[in-house]
Each structure stands twice: as structure tokens, then as C-alpha cells.
Amino acid sequence: MNNPKETTDHGSASHHPPPPQPPPPSRYESQKRRDWNTFGQYLKNQRPPVSLSHCNCNHVLEFLRYLDQFGKTKVHLHGCVFFGQPDPPGPCTCPLRQAWGSLDALIGRLRAAYEEHGGSPESNPFGNGAIRVYLREVKDCQAKARGIPYKKKKKKRKINNHNPNMAQDDQVMIKIPKLE
Ligand SMILES: [Zn+2]
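Analysis parameters
- Residues numbered from 1 in each chain as written.
- Predicted model: local features only at pLDDT ≥ 70, side-chain atom pairs only at ≥ 80, totals over all residues.
- UniProt positions renumbered as here; feature names shortened; annotations may be inferred.
- Helix = DSSP H or I, 4+ residues; strand = E, 2+ residues; numbered from the N terminus.
- pLDDT = per-residue confidence, 0-100.
- Contact = placed C-beta atoms within 7 Å.
- Buried ≥ 20, exposed ≤ 12 C-beta atoms within 10 Å, placed from the backbone.

Per an unreviewed UniProt entry, the protein chain goes by the name ALOG domain-containing protein and belongs to Rehmannia glutinosa. Checking UniProt for the protein chain, the heading Sequence similarities (unreviewed entry) contains the comment "Belongs to the plant homeotic and developmental regulators ALOG protein family."

**Notes on unusual backbone geometry**
In the segment running from Arg 47 into Pro 48, the intervening peptide bond is cis, with an omega of -5°. Note that Pro 48 resides in the loop between helix 1 (27-44) and helix 2 (57-67).

**A short note on the confidence of the model for the protein chain**
Across the protein chain, the average pLDDT comes to 81, with 73% of residues at or above 70. Counted against residues more than four places away or in other chains, residues 155-180, with its pLDDT under 50, gives 48 contacts.

**A look at the environment of Ser 51**
Topologically, Ser 51 is positioned in the loop between helix 1 and helix 2. A count of 9 C-beta atoms within 10 Å places Ser 51 in the exposed class.

Below, the structure is given as C-alpha cells:
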């Protein structure tokens, strides 16, 4: 007893599986792309503009310092009464900085992006020893000052379990290869 309404004389394409689609970029990949664009924009805004082939580790260091103005981590200065306190009882005028962990992860992403865009590993400014030294200084300084993420009510603070004294901005929790 065939029901004529169920014959398959229409919509024949509907039985084919959909063509495979590329997976959406991972959080790491999209962050890397954003970072790369930000850095490219930064170089373009220099006077005179710096081309990627002329970019060296000094530009990278300047870029890292430039990013501090957008930081969310309170890093107490030596003269501050809260210096060394993980949880100060009151406000102070010490500057907000980029947390060491954020900068470290950022450099890892940019280092990878540089080589993906045709840069050679030998001349990779993000892999330069000067960057490593700078990051270590920032890390030590923030550990002593007990830099803690500036609290905002919208997000919970994430603590790095291995190193509870070390501040991390909460958007960067991705492990990257160590800059050795
Ligand atoms: Zn302070």
C-alpha cells in the first residue's frame, strides 16, 4: 500500500550529506590573529611606520610597554604602603599594568604568528633573548609587589594554582611553549 505522497520525486538533494565545513578557529587561533593585527597596527602607527621586515626586539619591547596602559593588574610601587600585600584593604594610586602571564602568553602567540607569516625563526624578534629578560623582570617585579588582577564584578578571578602569588589577567589562560 504505497502512499503516493511519499514517493521521492522531489528534494533529491536533501539526502546528500552537507559538505564538510572547516571547523571554527579555536580561541587560541582567533586570539593569535587579533594579536597579530594589533601588533601590525602598532607598527603602522609608528613615526615613521615600521615594516615587518625591519621590526626588531626593541619594537617588541616598546609594544609591551605600550600595552601596559590597557592593563588590569595593580602593581604596587615601592613607596606604596600596600607594597607586597596580596589583598590591600584600600585603594591606592599605583598604576595598572599588564599581568606578566598575559604578556608571556601574548609573546608566545606573536612568535608563532610571525613565523606563520613567513618570518624566519632565526630573526624572530619575539624569540629574542631581550624579550625573555624583560618578561623575567616583569615577573619578578609583579611577584614582589603582589600584583593582583584588578577586580571587576562581571568576572570571577582565576588563580593560577601552581603559583598563587602570580597575577594573571583572566582572558589569558592558555599554555604556550616556554621561551627557552
Ligand atoms: Zn599601591
